[in-house]
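Okay, here's what each chain looks like letter by letter:
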Amino acid sequence: MKKSFILMLLFIVSGVYADNVIVKDKTVLTTSGTAKYVKRETAGNNAELINKYNPDVKFNLKPRNSKAHNSFPIMGMAPSSILANDEVEMNFVKKVVWNYYHNAYCLRYYIEITNKTDSIIYVDKGNSYRLVAGIKSMFFDMEFFRMSSAIAPVSSTPEPFCHLRYLPIPPHSSAYISECRWGYNADNKWTQLDEAEYYYIPDGNGQPLKSGHYLEYGPDNTPHSKFQYVITYSTSPDFKTYSSLDASLYVRYVVASGIFKKQFKYKSGNIRCGAVPNFESEPSMIMGMSGWNMI
């Protein structure tokens, strides 16, 4: 059994769940007392991390006069984002995962949190969230928690899994706060235990596009809602003090490329996009999907 999982079990037994947890409209709050926010200095490599998620995009499009059937976004990282401080760092990891409901591959992004300190870092998923188009979603979902507590997961690794509110990260280690997990339910059918990040145009396509065309926006003039992420963590299990990271993704490009499903090909654990030929070679390019989010 991995060391990280042993630490997680010890963390649960230590009494962290003694906090009174209130669930209302999927918002999880704690009433354990007053915690003090500690602002951490932004890491020196923060600008470098932001630029990593804004790579040059090479297009291979055939402009036509016909109306586009689909369009998809390419995301950009807002310059105001705080992806790292002196204690933790946030990264978005591109993954190709199998969807057991639809028997097809999906493009997902796992949010990875790295502990840069010599002590355990505790991430509070109940007070960490994504905010899209005015809708706030916590990373701790009570429904996922109930399911993952009762269902044996199916994963590429034998490590046990349970959807927990508090995520301990050992020193100089990393863990996913957002990932895709599946398991069997009592009826021997696939059940999703946790979901990762996927991107779409949250406010509709806006200006109509013709096939083979695209629109480019900046972080201040994009007409679409941003995907904001706030990660709350503490250096102590009682959360008497806490800090946070705050990142925002915006719709940088809207690309219309005809029939969407024909633009993507799954091969050797990665995705090739005909409309954006350097997508495969740019692991930090964050691309959204349209329709069923399938390849």
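One can find the structure itself at the top, above this paragraph.
These notes cover the structure that comes with them. What you see is a predicted model, and the numbers here were worked out from it, not measured in a lab.

## Points about the overall build of the protein chain
Here is step 1: Each helix and strand in the protein chain was counted, giving three helices and 19 strands.
Here is step 2: Looking at the protein chain as a whole, 47% of its 295 residues are labelled buried.
Here is step 3: Within the protein chain, residue pairs in contact and separated by at least 24 positions form 73% of the contacts whose partners lie at least 6 positions apart.
Here is step 4: In the form shown here, the protein chain has an accessible surface area of approximately 14900 Å², with 50% of it arising from carbon and sulfur atoms.

## Structural notes on the pairing of strand β17 (residues 241-256)
Here is step 1: The element β17 is extensively covered by neighbouring structure, given that 12 of its 16 residues are classed as buried.
Here is step 2: Pairing between strand β3 (residues 36-37) and β17: two bridges, direction parallel. Bridging across to β17, Tyr 37 finds its partner in Tyr 242.
Here is step 3: Two strands pair when backbone bridges link them, and strand β4 (residues 71-77) and β17 are joined in this way by seven bridges, in the antiparallel orientation. When the bridges of β17 are listed, Met 77 appears paired with Leu 249.
Here is step 4: Looking at chain direction, strand β15 (residues 214-216) and β17 are connected through three bridges and run antiparallel. When the bridges of β17 are listed, Tyr 214 appears paired with Val 255.
Here is step 5: Here strand β16 (residues 227-234) runs beside β17; their pairing, made up of seven bridges, is antiparallel.

## A look at the nonpolar core
Here is step 1: Core analysis: the biggest nonpolar cluster contains 54 residues, and Phe 92 and Met 287 have the highest contact counts within it.
Here is step 2: The dominant element in this core, judged by the number of residues it contributes, is β17, at eight residues.
Here is step 3: Leave out the neighbours within four places in its chain, and Phe 92 touches Tyr 53, Met 77, Leu 83, Tyr 110, Ile 111, Tyr 199, Tyr 229, Leu 249 and Ile 286.
Here is step 4: Ranked by size, the runner-up nonpolar core spans six residues in total, among them Val 97, Cys 106, Tyr 110 and Ala 196.

## Brief notes about the state of the cysteines
By definition, a disulfide links the sulfur atoms of two cysteines through a covalent bond.
Here is step 1: Applying the stated rule across the entire model yields zero disulfides.
Here is step 2: Cysteine Cys 106 remains unbridged, with the sulfur of Cys 180 as its closest cysteine sulfur at 7.3 Å.
Here is step 3: According to the relative accessible area criterion, Cys 106 is buried, its value standing at 1%.

## With respect to the packing of aromatic side chains
Geometrically, a pair of aromatic rings is defined through the distance of the ring centres and the angle of the planes.
Here is step 1: Enumeration according to the criterion identifies 13 aromatic pairs in this entry.
Here is step 2: Measuring from centroid to centroid gives 5.8 Å for Tyr 214 and Tyr 253, while their planes differ by 65°, and the two rings are edge-to-face. One end of the pair, Tyr 214, is in strand β15; the other, Tyr 253, is in strand β17, with 39 residues separating them in the sequence.
Here is step 3: When its relative accessible area of 38% is taken as the criterion, Tyr 214 is described as partly exposed.
Here is step 4: Taken together, the ring pairs in this structure connect Tyr 109, Tyr 198, Tyr 199, Tyr 200 and Phe 227 into an aromatic cluster.
Here is step 5: The ring centre of Phe 279 lies 3.9 Å from the NZ or CZ of Lys 94, which sits over that ring.

## Topic: the pattern of salt bridges
Here is step 1: Counted under the stated rule, the structure contains seven salt bridges.
Here is step 2: Here Arg 108 makes a salt bridge to Glu 195, at a shortest N to O gap of 3.3 Å. Of the two residues, Arg 108 is situated in strand β6 (residues 104-115) and Glu 195 in the loop between β14 (190-194) and β15; the sequence distance between them amounts to 87 residues.
Here is step 3: Classification of Glu 195 as buried rests on a relative accessible area of 19%.

## Overview of the environment of Ser 71
Here is step 1: Relative to the helices and strands, Ser 71 resides in strand β4.
Here is step 2: Accessibility expressed as a relative area gives 8% for Ser 71, which makes it buried.
Here is step 3: It is 8.8 Å that separates the C-alpha atoms of Ser 71 and Ile 201, two residues lying 130 residues apart in sequence.

## Looking at the sheet that holds strand β5 (residues 88-99)
Here is step 1: Pairing within the open sheet is antiparallel, and its three strands lie in the order β5-β6-β12. Edge positions in the sheet fall to β5 and β12 (174-178), since each has one partner strand and no second. Strand-to-strand twist of the sheet, defined as the mean angle between neighbouring strand axes without regard to direction, takes the value 35°.
Here is step 2: Where β6 and β12 come together, four bridges link them in antiparallel fashion. Within β12, the residue paired with Ile 111 across the bridge is Ser 178.

## Remarks on the side chain of Ser 284
Here is step 1: Tracing the chain through its elements places Ser 284 in the segment after β19 (270-273).
Here is step 2: For Ser 284, a relative accessible area of 13% corresponds to the buried category.
Here is step 3: In contact with Ser 284, other than residues within four places in its own chain, are Lys 52 and Tyr 53.

## Quick word on the environment of Ala 196
Here is step 1: Within the fold, Ala 196 resides in the loop between β14 and β15.
Here is step 2: Through-space distance from the C-alpha of Ala 196 to that of Glu 179 is 4.2 Å; in sequence the pair is 17 residues apart.
Here is step 3: Those residues in contact with Ala 196, other than ones at most four positions away along the chain, are Arg 108, Tyr 109, Tyr 110, Ser 178, Glu 179 and Cys 180.

Procedures and definitions
Residues numbered from 1 in each chain as written. Predicted model: local features only at pLDDT ≥ 70, side-chain atom pairs only at ≥ 80, totals over all residues. Heavy atoms only, no water. Helix = DSSP H or I, 4+ residues; strand = E, 2+ residues; numbered from the N terminus. Buried < 20%, exposed > 50% of the residue type's maximum accessible area, 1.4 Å probe, protein only. Contact = heavy atoms within 4.5 Å. Areas by Shrake-Rupley, 256 points an atom, 1.4 Å probe, with all protein chains shown as cover. Pairing = 2+ DSSP bridges. Core = buried A, V, L, I, M, F, W, Y, C linked by side-chain atoms within 4.5 Å. Disulfide = S-S within 2.5 Å. Phe/Tyr/Trp six-rings, centres within 6.5 Å; stacked < 30°, edge-to-face > 60°. Lys NZ or Arg CZ within 6 Å of the ring centre and 35° of its normal. Salt bridge = Lys/Arg side-chain N within 4 Å of Asp/Glu carboxyl O. Axes fitted to C-alpha atoms, helices over the stretch in contact; angles between N-to-C directions.

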